[in-house]
Structure formats: structure tokens, C-alpha cells
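Structural overview
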Amino acid sequence: MKHPLPIFFILVSFCLQAQDRLVGKSFATRSEVIAKNGMVATSHPLATQVGVDILQKGGNAIDAAIAANAALGLMEPTGNGIGGDLFAIVWDAKTQKLYGLNASGRSPKSLTLEYFQKESMKKIPAYGPLPVSVPGAVDGWFELSEKFGTMKMADLLQPAINYAEEGFPLTQLIGYYMQGVKRFEAEGYDNIRSTYIDQNGGKLPQEGEIYKNPFLANTYRTIAKHGRDAFYKGEIAKTITGFIQEKGGFLSMEDLASHHSDWVEPVSVNYRGYDVWELPPNGQGIAALQMLQILEEYDFSAIEFGSEKHLHLFTEAKKLAFEDRAKYYADMKFANVPVAELISDAYAKRRKEEISDRAGKYSAGEISIGETIYMTTADQYGNMVSLIQSNFRGMGSGMVPPKLGFMLQDRGELFSLKEGQANTYEPGKRPFHTIIPAFITKGGQPWVSFGVMGGDFQPQGHTQIVMNLVDFGMNMQEAGDAPRWEHRGSSSPTGEEAEGSGEVYVESGISYETIRSLRSKGHKVIHGGSYGGYQGIMWDIKNKVYRGASESRKDGQAAGY
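So, here's what we can say about the structure.

Quick notes on the overall build of the chain
Within the chain one finds 20 helices and 19 strands. The C-alpha radius of gyration of the chain comes to 22 Å, within 12% of the 24 Å expected for a compact globule of 561 residues. Expressed along its principal axes, the backbone C-alpha trace of the chain runs to roughly 60 × 55 × 55 Å.

Description of helix α3 (residues 61-75)
Helix length check: α3, at 15 residues, gives a terminal C-alpha distance of 20 Å against a target of 21 Å (1.5 Å per residue), a fit within 8%. Taking burial as the measure, the 15 residues of α3 include 15 buried ones, the bulk of the element. The N-capping residue of α3, defined by a side-chain oxygen 3.0 Å from the backbone nitrogen of Ile62, is Asn60.

Regarding the packing of aromatic side chains
Counted by the stated rule, this structure contains 22 aromatic pairs. Centroid distance Tyr115 to Phe116: 5.6 Å. Interplanar angle 80°. Geometry classified as edge-to-face. For the pair Phe305 and Phe472, a centre-to-centre distance of 5.4 Å together with 80° between the ring planes defines the contact as edge-to-face. Of the two residues, Phe305 and Phe472, neither departs from the other in class, the shared state being buried. Taking NZ or CZ as reference, Lys147 lies 5.2 Å from the ring centre of Trp263, over its face. If you follow Lys442 out to its NZ or CZ, it ends over the ring of Tyr274, 4.4 Å from the centre.

Notes on the sheet that holds strand β19 (residues 557-560)
What holds strands together in a sheet is hydrogen bonding between their backbones, with the strands either parallel or antiparallel. Spatially, the seven strands line up as an open sheet ordered β7-β4-β3-β11-β10-β2-β19, and their pairing is antiparallel. Each edge of the open sheet is held by one strand with a lone partner, namely β7 (262-264) and β19. For this sheet, the mean angle separating the axes of adjacent strands, direction not counted, is 15°. In this sheet, strand β11 (residues 384-390) lies alongside strand β3 (residues 85-92) in antiparallel orientation, the contact comprising seven bridges. Within β11, the residue paired with Trp91 across the bridge is Met384. This element, helix α2 (residues 45-56), spans β2 (39-42), β10 (372-378) and β19 of the sheet and lies at about 160° to β2. Packing of α3 onto the sheet brings it into contact with β2, β3, β10 and β11, and relative to β10 it is tilted by some 155°.

Definitions and cut-offs
- Residues numbered from 1 in each chain as written.
- Predicted model: local features only at pLDDT ≥ 70, side-chain atom pairs only at ≥ 80, totals over all residues.
- Heavy atoms only, no water.
- Helix = DSSP H or I, 4+ residues; strand = E, 2+ residues; numbered from the N terminus.
- Rg over C-alpha atoms; globule rule 2.2 N^0.38 Å.
- Expected span 1.5 Å × (residues − 1).
- Buried < 20%, exposed > 50% of the residue type's maximum accessible area, 1.4 Å probe, protein only.
- Polar contact = N/O pair within 3.5 Å; in protein donor to acceptor, adjacent residues only side chain to side chain.
- Phe/Tyr/Trp six-rings, centres within 6.5 Å; stacked < 30°, edge-to-face > 60°.
- Lys NZ or Arg CZ within 6 Å of the ring centre and 35° of its normal.
- Pairing = 2+ DSSP bridges.
- Axes fitted to C-alpha atoms, helices over the stretch in contact; angles between N-to-C directions.
- Contact = heavy atoms within 4.5 Å.

Below is the structure:
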């Protein structure tokens, strides 16, 4: 067959299009969820229900977010848990202001760059004890609760404790991902079997089968009773650090005891009248802002969604932003990250001039300077929470401390081992982070709390959601269900440099005409890819209601009351 691709794309696009609906875009899988008093959108229906229950008991959006996140740590151990980190953006109705929380952990203080050099390592391993940094999620819960919450931590953790002890059925996607546990077991990682298999009758549950985690229930109960110090200074901390050091790692009691989250000022750009907010580095949120600044230079009222021009301009803007990401983004306590200039109008105009009508290869701009879950909640008082939490690489490092019920993250893998870079490994430093929550305000009032999972895809996902809402007039559900694309192959904060112009991965909803035109401009286009998962809540100020959405690529649900 000489020309199989056109037929292939036509057939796949036809087969995967959503069922016919009387209203809305053809690719939308359902309507928005609309409710007056509160809304919760998470990647798991049972976790969403936990959050709604908290709201109905009188808790606020912050309480609901903590309870739902605790449930997700149990129900989606393939992407998050208390072995990982957390970031959040909170709209506080009382002060009419956004607050940012960086609850990411730091590297072990006794592990140095010289150790990796002595071991002739060019890259920090993905698994094992070496990529394990301090898990920050639990401290993040307590910071959120102490600043904005109204309910006791014990009440917020109790629903997850009940599910952990009594069990719940695995959803389709998580049932699929859970089979990855077998790889860890086959490779001899300790405590995998006792944590994920033996507690379930000696068999790893599949979709629809009941999954339990009594170990995690006990850990949650200890945290509920004794507070954050139980995790960072007590027996849980001793178990974590003792296990990691036994396996040849460096995480210490001092590392955990000295850990603290940081309240940070979110940063924003104005995109066609809407203020889009992200958190500053060590995360990658400002990459989305850089992309939006460049794309605002073009008139998208005359550009069709999913067209060749749309994807070309988007891809080139991404490449430019990601080269800056590789060079400049890092822990701002250790590196002078020029955030204000990177997201400035003037810098965007300079960078935009580098874009031509061909697929380009770029370098970082010159500046003068010294698996994951996403969820969002909203309440009757007007508070809204945008929260993201992850272990990295799905379940994490493979390091499961005995009888605690969770795996530790491997975020330390995202340091560079090349000397002299912004993200070069240092003791007590936060690694570059991929997980980013987002928020949009208009006229100083909350509009949309949203996020998209998916590693390096996240800034691209955020930018696509903003454009879908603002440029293409989609509703919350349509914005998440719309066909996606992702550019891969840019330089990385871990030290890898781009080779060529990279590849553009597209979903089946992108037309073959667009793909053919992109190829004519020098883009390498590949069908397929992984596009994370989206949740979002919009405050409809006119009707005084919330509009929630959870996309069809995951098992999630939005629900309100």
C-alpha cells in the first residue's frame, strides 16, 4: 500500500468521535456539570464524592480538597500519594486574593554532586533510593488546613481511612495502571507484595475488583491523631529514613524534620483580557505563560481550531518557551530565575520574531541576570482550590517503606548532573518540577480553576485549555474533550539538549489535512501520545453557579450540589 495514512486517520477520527449530541461541539463527551452551592472535580468518582460530602457537611473548598486528595492517594496509587509533593493555588473569598503553595520537598542534605561524579553517573536514576526527595504532600495538607480550613484533619482523613480498610472497586484506567506493580515485584523491590498484593488476598486486583490498603489506613490514622510531626519527626519518619538508608540512600531524619512548605505569590500574564495565573519555579508553570504571551501576538479570531496554522504557531511558541525552561527554571532559593522578564510583553515580542513558516530549532533567549493527579474544588462561600499532586513516573521510585502503605516519589531524577546549570543538583535543593496548578481571573474576580496532568505536556495542556476557552469559545467540558497535540524533543532542565526540531504528536481528532500541511512545513508528525487528564471549575458570575468538567480520557468526574 502506497498511501495508507490518509485512510487510517479518516477511519480513526470517525471511530473515536463522540456520539451525536443535540448541542455543543461534536467532540464533547457530555455537558458541563452545573451546581449552585459547590463543586468538586477529580480524576476518580469516589474521591469526587468524598469532596462533595465534605462540602455538604459544612466544610469549605480547602477542606474538600484535602479530603479528596487523601482519597486519591489511596484510589490512584499509580499517580500520587503521601510519598509525593503538592502544589496549590487558592482563591480566598474573604481577602479576594490568590495564594500559592509550594509543598515540594528538597534533596537530602548529605547527598552531594561529588557522590554522583565519583560513581560516574551522568544522570540520577529513575528508581531506587537515590532519586527520593523529601515528600511534601502531608505538610502541604496541614499548611492549607491551618491557613484556610475549617474542619479537623481527623474528619478530613476519615473517608479515605474507611475506604482503605473496607475496600473499593478499581476503575478501568487505574486497574490497568496497577498491573505495573508486577514489574516492581519481579525486579525484587521490597514491600511491594506485602503492600499491594498480600493485603488483597494474595492477588493484585484488576478493574472492578476490590482493593484495600490497611497499611495506609493506619498511616492516615496516625497523621490524623498526631499531626504533621507524626510524618516528619515521629515513627513514620523513622520508618521512611531507616528504609531508604538501608537501601543505600541518603534521606535522613534531619531532612524530614527540617522540611517546610512555602507560601508564594502566583505570577500572571493577561491573555486577551483574562489574567492567567501560575506558580513560579521550581515548577514549569511560567512556560505556559511564556507560550500565551507569544501566541497573543497573533490574531486567532481568523485561525480555525485544529488547523495547520494553529498547531504550527502553538508548536513554535512551545519550543521557544521550553528552551528557556531548560536554561533558567530551577529552585529560586538557589538560582536567579528572571521570571518577570521571561513572561514580559517585550520578551515575547522578541521571541515571536524568531518564528517563521517552517518548523524551527531554537536556543534559549539571552537575558541579563546574575503521573500525577489534578483536582479542583469550590464552595458556597466563593473559595476555590486548584491542586495538583504526584509521585512522578507513575507510582514513584519503587521504594515502599514497610507497613506504611505508600511509595516514595522519585522527583530527584529531574536534577541535572551537569555543573553550572540552574537546575544542577545541590544538597537541600528542590528539583525542577513538572506538576503545576493553574487559575484564571477576570476583572479581579475568579473565573476558572483548572489543571492538566501529564509531565512535560502540562504547560502545553494549560495553554490549549486557555485558548479553547478564550479564543475558541468552548465551554468547560468541550475545552477538556477537544483534540490535543504535544510537541516533544525540546531541551530539558535535566541537561539533555534538543536534537532537530522534535516531533509533534497528535490525537485522532486532528484532521489529516492539518497533519499533511504541518509535514510540508518540516514538522515530524506522529499519531498517538499521552495527554494527561483535565479537571476544571468555572465560576459563572452572571448566573451565580459553578460549571465543572472532567474529561473523558480518565476515570474522573465533576459533581456538585
